[in-house]
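# Residue-level structural notes
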Amino acid sequence: MKEQAAFRKIGCGECLNSGLLGFDFSMAFQPIVNTTSQTVYAQEALVRGLEGQGGGRHVFENVNKDNRYRFDQACRVKAIKLAAELNIQSKLSINVMPNAVYKPELCIRTTLEAVQIYNFPIERIIFEVTEGEPINDHAHLQDIIQSYQLQGFITAIDDFGAGYAGLNLLSNMQTDLVKLDMALVRNIHNDSVRQTISRGIIAVCDDLNITVIAEGIESADELQVLQEMGIELFQRFYFARPRFESLATVSSDWWR
């Protein structure tokens, strides 16, 4: 059928052809830091314009239901290609659009081809599913998560606590990672309600053997409170800002 044909496998070369997509883009990288081991746990690939501009916003303005699948595939290939060129030794985190995935076993084939071509290990790739995107079919999302985990990929829920599903999402599927939304993290040292909610999420994730990442860290006070709750993985400007097509130097201010 026409709808199924739209979700055919796209080759790596085709993904990198901006003419077929109708616009072009690149990636910046921002580190996720393990403050216990004082290492970079992962580099998150973030969509940017060709000159590094826009924070990705003007790129996403070109994405619609007709090109969403091709864009999602192109993001994966570009991220893996750049990660290999930059010799990233940590994990690589890639944001995926669950509403762009028709059948997980078909849509993952281009990613598997990219992994082979650019020699980037599957076990070091994290797929982040944003909770900010409306999910109308939770069974389909569960199928995506399980399929990727069976392939050996790491899975994560991004922006947890800010979107459409919250804890109900975890009741149906368990990803390997959960990223606390920055709205929960912001000024958490001065907000007992945010602290209580965060402790509850961390406790649930601990019981489910899910690792928590706190994103949005911009101060030493926020970091200290969340470290005391047992979180080891952090991200945001306190550590490093995204660097366009290169790797940021992590600030040494937080080493204790």
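Whatever comes next refers back to the structure up there.
What counts, and where the lines are drawn
Residues numbered from 1 in each chain as written. Predicted model: local features only at pLDDT ≥ 70, side-chain atom pairs only at ≥ 80, totals over all residues. Heavy atoms only, no water. Helix = DSSP H or I, 4+ residues; strand = E, 2+ residues; numbered from the N terminus. Expected span 1.5 Å × (residues − 1). Buried < 20%, exposed > 50% of the residue type's maximum accessible area, 1.4 Å probe, protein only. Arc of directions from axis to C-beta. Pairing = 2+ DSSP bridges.

## Some words on helix α8 (residues 138-151)
- Over its 14 residues, α8 runs 20 Å from end to end, which matches the ideal 20 Å to within 8%, given 1.5 Å per residue.
- Within the sequence span of α8, burial applies to L141, I144, I145, S147 and Y148. The buried residues of α8 all sit within an arc of 165° when viewed along its axis, so they share a single face. In this structure, α8 carries A139 and L150 as exposed residues pointing more than 90 degrees from its buried face.

## Digging into the pairing of strand β4 (residues 125-130)
- When you tally the buried positions in β4, you get 5 out of 6 residues, the bulk of the element.
- Bridge count between strand β3 (residues 91-96) and β4: 5 bridges; the pairing is parallel. Bridge pairing links I94 to F127 in β4.
- Pairing analysis gives 5 bridges linking β4 to strand β5 (residues 154-160), with the strands arranged parallel. Across the sheet, the residue bridging to I126 is I154, located in β5.

## Considerations on unusual backbone geometry
- We note that N119 has phi near 55°; this positive angle belongs to a residue other than glycine.
- Of note, N119 is situated in the loop between α7 (109-118) and β4.
- Unusually for a residue other than glycine, E245 sits at a positive phi of about 50°.
- With a relative accessible area of 34%, E245 lands in the partly exposed category.

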